[in-house]
Amino acid sequence: MSGDLEAMAQNLVAGAKGLLAIDESIGTCNRRFGRFGIPQTSEMRRSWRETLITTPGLSEFISGAILFDETIEQKASNGTRFLEILAGVGIAAGIKVDTGTVPLAGHPDEKITEGLDGLRQRLERYSMLGASFAKWRAVFAIDHGTPSAASVAANSNALARYAALCQEAGMVPVVEPEVLMRGTHSIQECEEATETVLRSVFVALQLHGVQLEGMILKPNMVVPGADSPNQVAAELVAQATVRCLRRVVPAAVPGVLFLSGGQPGPIATARLNAMNSTGPDRPGPQPWALGFSFGRAIQQPALAIWGGASSERGDAQLSVLHRARCNTAARQGLYEPAMENHQTPAIHPYSAAERTALLA
Ligand code: 5MM
């Protein structure tokens, strides 16, 4: 068993920090830019990622950033490599290594994630560049008859092969099986599907000899479908999520860092907080750290502020810092919705004096 992997995984969850997912593929990033009329160019994507990773004070709340192949060798406008910037503030660099999803043969409504071909060589390159962890995402939609046993088995096997290759390369695998929020399903249906998927993923991980102490799980929270008429309180999401995880996630796994999956930032934060709080309706302490590896729930408000304009960079960074800070509070059960009111007016989480200090 590699103590290095275990230590690296522990570092990713230490200090109530979490991961910042900025690994959108070109298509996804462009779609998100499109909503705000931001030019869909390589230079704008570089500039946005520069804005995110140069946020002053980010490392107080963020332990690692998940990058994309296009980004990992990019530089800030002053010529400093992104990887150097991250290392300079003690943020670990990760890399998305799946190459996206395609329809699963025989199951045209479902997806299989690709990227295993040549992965050993790609991991070697990313590791040489300085990445210490990697990420692979599998997706499962809840619908009539889905997720099917075939898609669960095929994606679990791919996740396990990816994770084993990562550990062989000395990198921590972040294993991301995502039951999508899209649809009208109930929270119970989500719990059932999530349990089925996670159970299968852990059987595959153990079959492939993946060291559980040296990995991170990045699942969805157990929530009702985005279009379900039966939305529920944060406490219910926390109870269902923790109940589901306790049935299937071995205690040896150091951290469960949730994806946000399209939940608005403050809602994802409140749900995470409920999982980490104690009290009669709250789940209480668990064997693994319960944290965050959010993309949209940290980036979205900031992206709207930035809008592609360098003049808005400072305010966008304050928004990133605010969401990261709220999520770190939620990891400790210390988040209160009133923390959102510190944004004046609606976007600024800090006083004028704090802003000046942060941007200095
Ligand atoms: C589920 O998406 C992951 C977490 O982001 P959210 O918190 O926004 O849900 C995210 O890391 C995702 O895997 C990447 O953005 C890559 O997505 P694409 O669609 O570009 O492969």
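Residues numbered from 1 in each chain as written. Predicted model: local features only at pLDDT ≥ 70, side-chain atom pairs only at ≥ 80, totals over all residues. Heavy atoms only, no water.

### Overview of the overall build of the protein
Looking only at helices and strands, one finds 13 helices and 10 strands in the protein. In summary, the protein has a C-alpha radius of gyration of 19 Å against a globular reference of 21 Å for 360 residues, a match within 12%. With respect to the principal axes defined by its C-alpha atoms, the protein has extents near 55 × 50 × 40 Å. Within the protein, buried positions represent 56% of all 360 residues. Sequence separation of 24 or more characterises 78% of the internal contacts of the protein that already satisfy a separation of 6 or more. Roughly 14400 Å² of accessible area belongs to the protein as shown, and the carbon and sulfur atoms make up 52% of that amount. In the protein, which carries 31 positive and 34 negative side-chain charges, the distance between the mean positions of the two groups comes to 2 Å. (Helix = DSSP H or I, 4+ residues; strand = E, 2+ residues; numbered from the N terminus. Rg over C-alpha atoms; globule rule 2.2 N^0.38 Å. Buried < 20%, exposed > 50% of the residue type's maximum accessible area, 1.4 Å probe, protein only. Contact = heavy atoms within 4.5 Å. Areas by Shrake-Rupley, 256 points an atom, 1.4 Å probe, with all protein chains shown as cover. Lys, Arg positive; Asp, Glu negative; His and termini not counted. Charge placed at Lys NZ, Arg CZ, Asp CG, Glu CD.)

### Considerations on the pattern of salt bridges
With the rule as written, the count across this model stands at 18 salt bridges. Between Asp 69 and Arg 125 there is a salt bridge, with its nearest N and O atoms 3.4 Å apart. Here Asp 69 is found in helix 4 (residues 69-72), whereas its partner Arg 125 is found in helix 6 (residues 119-129), with 56 residues between them in sequence. Arg 247 serves as the salt-bridge partner of Glu 191, at 3.4 Å between the closest nitrogen and oxygen. (Salt bridge = Lys/Arg side-chain N within 4 Å of Asp/Glu carboxyl O.)

### Some points on the site of the ligand
Around the ligand, 17 residues are found, and the nearest of them are Ser 25, Lys 96, Lys 135, Ser 260 and Arg 296. One of the backbone N or O atoms of Gly 295 is found 2.8 Å from an oxygen atom in the ligand. Here the ligand, which alone exposes 500 Å², has 92% of that area covered by the protein. Among the elements of the structure, strand 6 (133-140) and strand 7 (172-179) are those that each provide at least two residues to the shell around the ligand. When grouped by side-chain class, the residues that make up the shell around the ligand number three nonpolar, five polar and nine charged. (Near = heavy atom within 4 Å. Polar contact = N/O pair within 3.5 Å; in protein donor to acceptor, adjacent residues only side chain to side chain. Nonpolar A, V, L, I, M, F, W, Y, C, P; charged D, E, K, R; others polar.)

### Some remarks on the packing of helix 8 (residues 187-207) against helix 9 (residues 234-248)
Closest axis-to-axis distance for the helix 8/helix 9 pair is 9 Å, and the angle between their directions is 25 degrees. Regarding the angle of helix 8 to helix 9, the classification is roughly parallel. Considering only the axes of helix 8 and helix 9, their crossing is right-handed. Of the residues in helix 9, those in contact with Ile 187, Glu 191, Thr 194, Glu 195, Leu 198, Arg 199 and Phe 202 of helix 8 are Leu 236, Val 237, Ala 240, Arg 243, Cys 244, Leu 245, Arg 247 and Val 248. When the residues that make up the contact of helix 8 with helix 9 are grouped by side-chain class, the tally is nine nonpolar, one polar and five charged. (Axes fitted to C-alpha atoms, helices over the stretch in contact; angles between N-to-C directions. Parallel < 35°, antiparallel > 145°, perpendicular 65-115°, else oblique. Left-handed = near helix turned anticlockwise from the far one by under 90°.)

### Some points on the packing of aromatic side chains
All told, the structure shown has four aromatic pairs when counted by the stated rule. With a centroid separation of 6.0 Å and 50 degrees between ring planes, the pair formed by Phe 33 and Trp 306 is classed as tilted. Of this pair, Phe 33 sits in helix 2 (residues 26-34) while Trp 306 sits in helix 11 (residues 296-306), placing them 273 residues apart in sequence. A relative accessible area of 1% places Phe 33 in the buried class. Ring-pair connections join several aromatic residues into one group, and the members of that group are Phe 33, Trp 48 and Trp 306. (Phe/Tyr/Trp six-rings, centres within 6.5 Å; stacked < 30°, edge-to-face > 60°.)

### Looking at the confidence of the model for the protein
In the predicted model, the protein carries a mean pLDDT of 94, and 95% of its residues have values of at least 70. A low-confidence stretch, residues 344-351 (pLDDT under 50), is modelled with 21 contacts involving residues beyond four sequence positions or located in other chains. Here residues 354-360 scores under 50 on pLDDT; set against residues more than four positions off or in separate chains, the count is 11 contacts. (pLDDT = per-residue confidence, 0-100.)

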